[in-house]
Amino acid sequence: MDVETKEKASGNGSSDTKKLDALVIGAGVAGLYQLHLLRKQGLNVRAYDSASDVGGTWYWNRYPGARFDSEAYIYQYLFDEDLYKDWSWSERFPGQPEIERWMQYITDRLDLRKDIQFSTKITEAHYNEDTNRWTVKTDQGETIDTQYLITCCGMLSAPLDKIFPGQDSFKGEIFHTGHWPHEPVDFAGKRVGVIGIGATGIQVIQTIASEAEQLKVFVRTPQYVLPMLNPKYSADDVKAYKARFKEFQEVLPNTFTGFEYDFEVAWEDLTPEERRERLENIYADGSLKLWLASFSEIFFDEEISEEVSEFVREKMRERLKHDPRLCDLLIPKDYGFGTHRVPLEMDYLEAYLRPNVEAVGVRDNPIEAVVPEGLKMADGTVHELDMIIMATGFDAGTGALTRIDIRGREGRSLTEDWGNAIRTTMGLQVHGYPNMFTTAVPLAPSAALCNMTTCLQQQAEWINDCILYMRDQDRTVIEPTAEMEDAWVAHHNETADATLISKTTGWYLGSNVPGKPRCVLSYTGGVGTYRQKCDEVAAGGYQGFAMR
Ligand code: NAP
């Protein structure tokens, strides 16, 4: 294996080229672990991140109210018991500042900082067929020559922050939640507009409703929501969850979504009264259980989906005091519960009952432009604002990579390829891009439908094992065959098409980005099943992945 050397770059000879065995893009949940694993097996590896510190999602999304909605004790690395037990969470669903501190704790405990370069954006990565290596460039003017390129960019890290004409003309402050400033933002005495009511918008709205003088929420597609129960943890609570470490190691990787709970009861085995009782009990848990562990039939059967959706609508109507206008704007009618990402919230619906909060429907009267005074609607109405918060989401799964100039064999461009059709082999590699490994990209559960830490650890471990295997076998190049990729894409599509998710809209399908090919981003066969399939490929000597 290479040792870190500095060579004159071929070509102009004017800059130094760093030589690596592996380059990891990103220092979030996946990147940190990938760096740790590859370094442990003796590779000369370095991670790069455009942020000034670790954290990925939890570095950028520091907007008011940002917090977990996976229980903290499962949003964890599970490869080291001491690492797990030496950190104590303060509550069931902690907020961003605590999560960011935890990621710094992980970084320092594993001594990762010395191999991470911050404030550095990867701008291009070109595969060189003569050397079978990648030439990578950064916005700092550096060139890196690496055998392996491993993308750990996160599935939600390309913010949709420039979507309205006239954004630069706004006289007030304008923020996207995914690029929230480090400095405190003051809402007092201000007229604030929030665009978007996804999981992010909801957390912002419920948090700032009592701070802003006036809050206008621009609502397009209504969203099912579930109330979060977020108790503070006592020393005994912490001791109790830590005692379950081995159980989590066993259970999480094998459930449908990488959470501790799973679908256990079939709809048809219960009477209507028993179903209702089960829904009520699970609803009272204040977690994502109603979505991820009530009845799997909600993803496949329209009638059952409608019954459970109606259960959730009823709860929402009660909380909105049956206000007909609010119910019409905020409660979904034309898609099923769970086919969009379900957010957990705390007093979010109640925020709309406050006198300083107004829901503005934009379904039939869309936002046309940002003007100096605020937001201008299609009918010419201008909502005057001092601050605009864009909770408008992300180009999920693909955006982080298509914003880099990535070129594989024969100069093919990933931006162009994925612009035509989103294809990967198990979300781990892409045909035509040898020695590039991917995490949190489409066609794997880590693109959306999972507890991210469970899925990203599995992918990082698979990649690490694969590289270890190649070294043992004296192989230097790996690429999935066209047949393998075709087979995986076909299996993915067949699995996805059987679900009701494929029949809706939103970022799960890429329909939130104009021109993006429509595709269910996440593998919907389940986290446990996906893991088994990945393990089988590895056990069979990486069948379907050509090595030389
Ligand atoms: P999102 O779910 O894609 O929501 C974007 C929102 O912006 C939608 O309500 C969308 O409306 C609206 N929007 C976009 N363009 C608009 C326009 N031109 N006019 C009006 N409305 C517009 O994005 P997100 O809320 O940032 O959430 C993305 C994902 O991040 C979540 O699904 C979740 O996986 C993750 N997340 C997790 C947590 C956590 O607790 N762990 C917290 C926040 C986010 P339409 O639906 O009509 O397009």
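Structure shown above.
Residues numbered from 1 in each chain as written. Predicted model: local features only at pLDDT ≥ 70, side-chain atom pairs only at ≥ 80, totals over all residues. Heavy atoms only, no water.

**With respect to the nonpolar core**
Here is step 1 of the chain: Counting 147 residues, the largest nonpolar core has Trp102, Ile150, Trp291, Phe337, Tyr352 and Trp462 as its most contacted members.
Here is step 2 of the chain: Among the elements that take part in this core, helix α15 (residues 452-472) stands out by supplying nine residues, more than any other.
Here is step 3 of the chain: Discounting chain neighbours no more than four positions away, the residues touching Phe337 are Tyr224, Leu226, Leu290, Trp291, Ile298, Ser305, Val308, Ser309, Val312 and Val342.
Here is step 4 of the chain: Ranked by size, the runner-up nonpolar core spans 23 residues in total, among them Trp134, Leu401, Trp418 and Val430. (Core = buried A, V, L, I, M, F, W, Y, C linked by side-chain atoms within 4.5 Å. Buried < 20%, exposed > 50% of the residue type's maximum accessible area, 1.4 Å probe, protein only. Helix = DSSP H or I, 4+ residues; strand = E, 2+ residues; numbered from the N terminus. Contact = heavy atoms within 4.5 Å.)

**Comments concerning helix α17 (residues 527-539)**
Here is step 1 of the chain: With 13 residues, α17 should cover 18 Å at 1.5 Å per step; its first-to-last C-alpha distance of 18 Å lies within 8% of that length.
Here is step 2 of the chain: Of the residues making up α17, those classed as buried are Val527, Gly528, Tyr530, Arg531, Cys534 and Val537.
Here is step 3 of the chain: Elements in contact with the buried residues of α17: α15, α16 (482-497) and β21 (545-547). (Expected span 1.5 Å × (residues − 1).)

**Here we look at empty space enclosed by the protein**
Here is step 1 of the chain: In total, this model carries two cavities of 30 Å³ or more according to the counting rule given.
Here is step 2 of the chain: Lining the largest cavity are Pro445, Ser446, Thr454, Cys455, Gln458, Gln459, Val527, Tyr530 and Arg531.
Here is step 3 of the chain: Breaking the lining of the largest cavity down by element, the ones donating at least two residues are α15 and α17.
Here is step 4 of the chain: With four residues, α15 is the single largest residue contributor to the lining of the largest cavity.
Here is step 5 of the chain: Looking at the lining of the largest cavity residue by residue, the classes come out as four nonpolar, four polar and one charged.
Here is step 6 of the chain: The space that makes up the second largest cavity amounts to roughly 30 Å³.
Here is step 7 of the chain: If you trace the second largest cavity, you find it lined by Ala448, Leu449, Ile501, Tyr508, Val520, Ser522 and Thr524. (1 Å grid on protein atoms, 1.4 Å probe; cavity = no way out; pocket = protein on both sides within 12 Å on 5 of 7 lines; lining within 4 Å. Points joined across faces, edges and corners; volume = space filled by probe spheres on them. Nonpolar A, V, L, I, M, F, W, Y, C, P; charged D, E, K, R; others polar.)

**Concerning a negative patch on the surface**
Here is step 1 of the chain: Negative charge collects at one region of the surface, where Asp301, Glu302, Glu303 and Glu307 lie side by side.
Here is step 2 of the chain: Turning to its location among the elements, Asp301 is positioned in the loop between α9 (289-292) and α10 (302-319).
Here is step 3 of the chain: Here Asp301 falls in the partly exposed class, since its relative accessible area comes to 32%. (Patch = residues over 30% accessible without salt bridge, like charges linked within 9 Å, V, L, I, M, F, W, Y side chains within 5 Å. Areas by Shrake-Rupley, 256 points an atom, 1.4 Å probe, with all protein chains shown as cover. Salt bridge = Lys/Arg side-chain N within 4 Å of Asp/Glu carboxyl O. Lys, Arg positive; Asp, Glu negative; His and termini not counted. Charge placed at Lys NZ, Arg CZ, Asp CG, Glu CD.)

**So, the site of the ligand**
Here is step 1 of the chain: In the neighbourhood of the ligand, 23 residues make up the surrounding shell, with Arg67, Thr200, Arg220, Thr221 and Trp507 lying closest.
Here is step 2 of the chain: Taking Thr200, its side chain carries an N or O atom lying 2.7 Å from an oxygen atom of the ligand.
Here is step 3 of the chain: A distance of 3.3 Å separates an oxygen atom of the ligand from a polar side-chain atom of Gln203.
Here is step 4 of the chain: Burial of the ligand by the protein chains amounts to 84% of its free accessible area of 910 Å².
Here is step 5 of the chain: Among the elements that take part in the shell around the ligand, helix α5 (residues 199-208) stands out by supplying three residues, more than any other.
Here is step 6 of the chain: Considering only residue class, the shell around the ligand consists of 12 nonpolar, seven polar and four charged. (Near = heavy atom within 4 Å. Polar contact = N/O pair within 3.5 Å; in protein donor to acceptor, adjacent residues only side chain to side chain.)

**As for the sheet that holds strand β9 (residues 191-195)**
Here is step 1 of the chain: With respect to topology, five strands assemble into an open sheet ordered β8-β17-β9-β10-β13, the strand pairing being parallel. Looking at which strands have only one partner, the edges of the open sheet turn out to be β8 (173-176) and β13 (357-361). In this sheet, neighbouring strand axes are inclined to one another by 20° on average, regardless of whether the strands run parallel or antiparallel.
Here is step 2 of the chain: Bridge analysis of β9 against strand β17 (residues 387-390) gives four bridges, and the strand direction is parallel. Bridge pairing links Ile195 to Met390 in β17.
Here is step 3 of the chain: Set on the sheet, α5 makes contact with β9, β10 (214-219) and β17; between it and β9 the angle comes to about 160°. (Pairing = 2+ DSSP bridges. Axes fitted to C-alpha atoms, helices over the stretch in contact; angles between N-to-C directions.)

**Some details on helix α1 (residues 29-40)**
Here is step 1 of the chain: In this model α1 runs 17 Å from its N-terminal to its C-terminal C-alpha over 12 residues, within 8% of the 16 Å that 1.5 Å per residue would give.
Here is step 2 of the chain: Most of α1 is tucked away, with 10 of its 12 residues classed as buried.
Here is step 3 of the chain: Three or more residues of α1 are buried, namely Val29, Ala30, Gly31, Leu32, Tyr33, Gln34, Leu35, His36, Leu37 and Leu38.
Here is step 4 of the chain: Close packing links the buried residues of α1 with β2 (16-25), β3 (45-48), α4 (96-109), β4 (116-117), β7 (143-151) and α15.
Here is step 5 of the chain: A positive backbone phi angle near 95° is found at Gly42, which sits one or two residues after α1.

**A word on the environment of Asn356**
Here is step 1 of the chain: Note that Asn356 resides in the loop between α12 (348-351) and β13.
Here is step 2 of the chain: What Asn356 contacts, discounting residues up to four positions off in sequence, is Ala209, Ala212, Glu213, Gln214 and Leu215.
Here is step 3 of the chain: Of note is the side chain of Asn356, whose polar atom sits 2.8 Å from the backbone oxygen of Ala209.
Here is step 4 of the chain: From its side chain, Asn356 meets the backbone oxygen of Ala212 in a polar contact 3.0 Å long.

**Quick notes on the packing of α1 against α15**
Here is step 1 of the chain: Their axes nearest at 9 Å, the elements α1 and α15 cross at an angle of 30°. Put simply, α1 runs roughly parallel to α15. Relative to α15, the crossing made by α1 is right-handed. Between α1 and α15, the residues in contact are Val29, Ala30, Tyr33, Gln34, Leu37 and Leu38 and Thr453, Leu456, Gln457, Gln459, Ala460, Glu461, Ile463, Asn464 and Ile467, respectively. (Parallel < 35°, antiparallel > 145°, perpendicular 65-115°, else oblique. Left-handed = near helix turned anticlockwise from the far one by under 90°.)

**With respect to the pattern of salt bridges**
Here is step 1 of the chain: Overall, the coordinates contain 37 salt bridges when judged by the stated rule.
Here is step 2 of the chain: Between Arg244 and Glu247 there is a salt bridge, with the nearest N and O atoms lying 2.8 Å from each other.
Here is step 3 of the chain: Owing to a relative accessible area of 26%, Arg244 belongs among the partly exposed residues under this scheme.
Here is step 4 of the chain: One salt bridge connects Glu368 with Lys376, and the closest N-O pair in it is separated by 3.7 Å.
Here is step 5 of the chain: Judged by its relative accessible area of 39%, Glu368 is partly exposed.

**What to know about unusual backbone geometry**
Trans peptide bonds make up the majority, and among non-glycine residues the majority have a negative phi.
Here is step 1 of the chain: At Asp111, a residue that is not glycine, the phi angle is positive and equals roughly 55°.
Here is step 2 of the chain: Turning to its location among the elements, Asp111 is positioned in the loop between α4 and β4.
Here is step 3 of the chain: Residue Asn132 is not a glycine yet carries a positive backbone phi of 55°.
Here is step 4 of the chain: Its place among the elements puts Asn132 in the loop between β5 (122-128) and β6 (133-138).
Here is step 5 of the chain: By relative accessible area, Asn132 is classed as buried at 18%.

**Quick look at the pairing of strand β15 (residues 374-377)**
Here is step 1 of the chain: Examined bridge by bridge, strand β14 (residues 367-371) and β15 share four bridges and lie antiparallel to one another. Across the sheet, residue Ile367 finds its bridge partner in β15, namely Met377.
Here is step 2 of the chain: Hairpin geometry of β14 and β15 is characterised by an intervening segment of two residues between the two adjacent antiparallel strands.
Here is step 3 of the chain: Pairing of β15 with strand β16 (residues 382-384) involves three bridges; the strand directions are antiparallel. If you follow Lys376 over to β16, its bridge partner there is Val382.

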